[in-house]
Amino acid sequence: MKPPEFGGKASATISAVIKTGTNQLHGSLYEFVRNDIFDARNFFDPHNKPPFRQNQFGAAIGGPIRKDKTFFFGNYEGLRVPQAQTQTFSVPTAAVRAGNFSGFPTIYDGLTTDASGRRAAFSDNQIPVSRLDPVAAAFLQKVPLPNLPGQAQNYLATPTLNNTVEQGVIRVDHQLAPNDNLFAQAYIADFDTFQPFGSSQLNESLVPGFGYYLTTNTRSAALGETHVFTPNVVSEFRFAYLRVSGGQQSENQGNNFAEQGVR
């Protein structure tokens, strides 16, 4: 069993220390940029390269509130990544959606099974329109039609994955006495992702129109005091608060296909 400070999952552990301000005001600005104009075309991409933009930017500033006594430090970082994803899918053709399976192996009517277990084949491999499930028909309204020939791997999609991050931290340090220091800090982070296809973690494959939104909101605060009694005796007090919320929501949240199918 791992100690609680290392979390409940097997992964790397990163320890971060927030710097303090000083008697001089210091600051910095930074940005990291990626752009598809510098990239080669993916073999599976259409003729034009799908767009890819990444902007990671931020600012930091620290300095004195009261010289030799009280200092502050703050940092903000943002991330914007709209990136087109290329993937092929197998989707039903217009004929199949209408119940026409000509050219496919023979399909049988499960409602005609006799006492010997034999079933009657549908005439011309065509399911009568009256037998099509209205709920399935409503569901298929959200599934795109093929844009490539054939019955399999007949749809090429390049929707955009969006990843947005906002995070910031502020820290204040105060020297109560030459051997007594106090600090307080607060951290806020919001992570928002729209995944149009699904994720490799779950190994699911989602056609466009059935993606999901993933959000994580983190709020934390900490208060600490360090007192040096002697070079060999140090007292340290820490109090921390952490709250993490968010979750996953389907792109079709609130879209009741069953209800649409019975109208």
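Residues numbered from 1 in each chain as written. Predicted model: local features only at pLDDT ≥ 70, side-chain atom pairs only at ≥ 80, totals over all residues. Heavy atoms only, no water.

A.B. asks: I'd like to hear about the nonpolar core, residue by residue, with values.
C.D. replies: Membership of the largest hydrophobic core is limited to 8 residues, which are F89, V91, V143, Y155, A157, F197, V207 and F210. If you look at the next biggest cluster of nonpolar residues, it comprises 5 residues, including F101, I107, F122 and I127. (Core = buried A, V, L, I, M, F, W, Y, C linked by side-chain atoms within 4.5 Å. Buried < 20%, exposed > 50% of the residue type's maximum accessible area, 1.4 Å probe, protein only.)

A.B. asks: Tell me about the packing of aromatic side chains, and name the residues and values.
C.D. replies: In the structure shown here, the tally under the stated rule is 5 aromatic pairs. Plain terms: the ring middles of F194 and Y213 are 4.8 Å apart, the flat faces sit at 40 degrees to each other, and that makes the pair tilted. You can see F194 sitting in strand 9 (residues 180-195) and its partner Y213 sitting in strand 10 (residues 212-230), a full 19 residues away along the chain. On the basis of relative accessible area, Y213 is assigned to the partly exposed category, the value being 38%. (Phe/Tyr/Trp six-rings, centres within 6.5 Å; stacked < 30°, edge-to-face > 60°. Helix = DSSP H or I, 4+ residues; strand = E, 2+ residues; numbered from the N terminus.)

A.B. asks: Describe the side chain of N35, with residues and values.
C.D. replies: Within the secondary structure, N35 sits in strand 1 (residues 26-35). Within the local environment of N35, its side chain forms a polar contact with the backbone nitrogen of I37, the two atoms lying 3.0 Å apart. For N35, the contacting residues outside a window of four places in its chain are F52 and R53. (Polar contact = N/O pair within 3.5 Å; in protein donor to acceptor, adjacent residues only side chain to side chain. Contact = heavy atoms within 4.5 Å.)

A.B. asks: Tell me about the confidence of the model for the protein, and name the residues and values.
C.D. replies: Of the residues in the protein, 88% have a pLDDT of 70 or more, and the chain-wide mean is 85. Looking over the protein, one finds the lowest element-wise mean pLDDT in helix 3 (residues 257-261), namely 65, and the highest in strand 9, namely 94. (pLDDT = per-residue confidence, 0-100.)

A.B. asks: Explain the pattern of salt bridges to me, using residue names and the numbers behind them.
C.D. replies: As enumerated under the stated definition, the model contains 5 salt bridges in all. Residue R238 is joined to E236 by a salt bridge in which the shortest nitrogen-to-oxygen separation is 2.7 Å. By relative accessible area, E236 is classed as exposed at 54%. (Salt bridge = Lys/Arg side-chain N within 4 Å of Asp/Glu carboxyl O.)

A.B. asks: Go over the environment of F72, please, and point to the residues and values.
C.D. replies: Relative to the assigned elements, F72 resides in strand 3 (residues 70-84). According to the relative accessible area criterion, F72 is partly exposed, its value standing at 21%. Once you skip the residues sitting within four places of it in the chain, F72 turns out to touch G21, L25, I61, G62, G63, P64, I65, R171 and V172.

A.B. asks: Can you lay out the layout of surface pockets for me, pointing to particular residues and giving the numbers?
C.D. replies: There is about 1,100 Å³ of room inside the largest pocket. Contributing to the lining of the largest pocket are 31 residues, with A16, I18, Q185, Y187 and S220 lying nearest its centre. Secondary structure elements with two or more residues in the lining of the largest pocket: strand 3, strand 8 (160-177), strand 9, strand 10 and strand 11 (233-250). If you tally residues by element for the lining of the largest pocket, the top one is strand 11, at 6 residues. (1 Å grid on protein atoms, 1.4 Å probe; cavity = no way out; pocket = protein on both sides within 12 Å on 5 of 7 lines; lining within 4 Å. Points joined across faces, edges and corners; volume = space filled by probe spheres on them.)

A.B. asks: Talk me through unusual backbone geometry; I want residue IDs and the actual numbers.
C.D. replies: Of note, the phi angle at D124 is positive, near 55 degrees, even though the residue is not glycine. Residue D124 is classed as exposed on the basis of its relative accessible area, which comes to 67%. You will see that N125, though not glycine, has its phi angle at about 55 degrees, which is positive. On the secondary structure map, N125 appears in the loop between strand 6 (120-121) and helix 2 (134-140). Residue classification places N125 among the buried residues on the basis of a relative accessible area of 8%.

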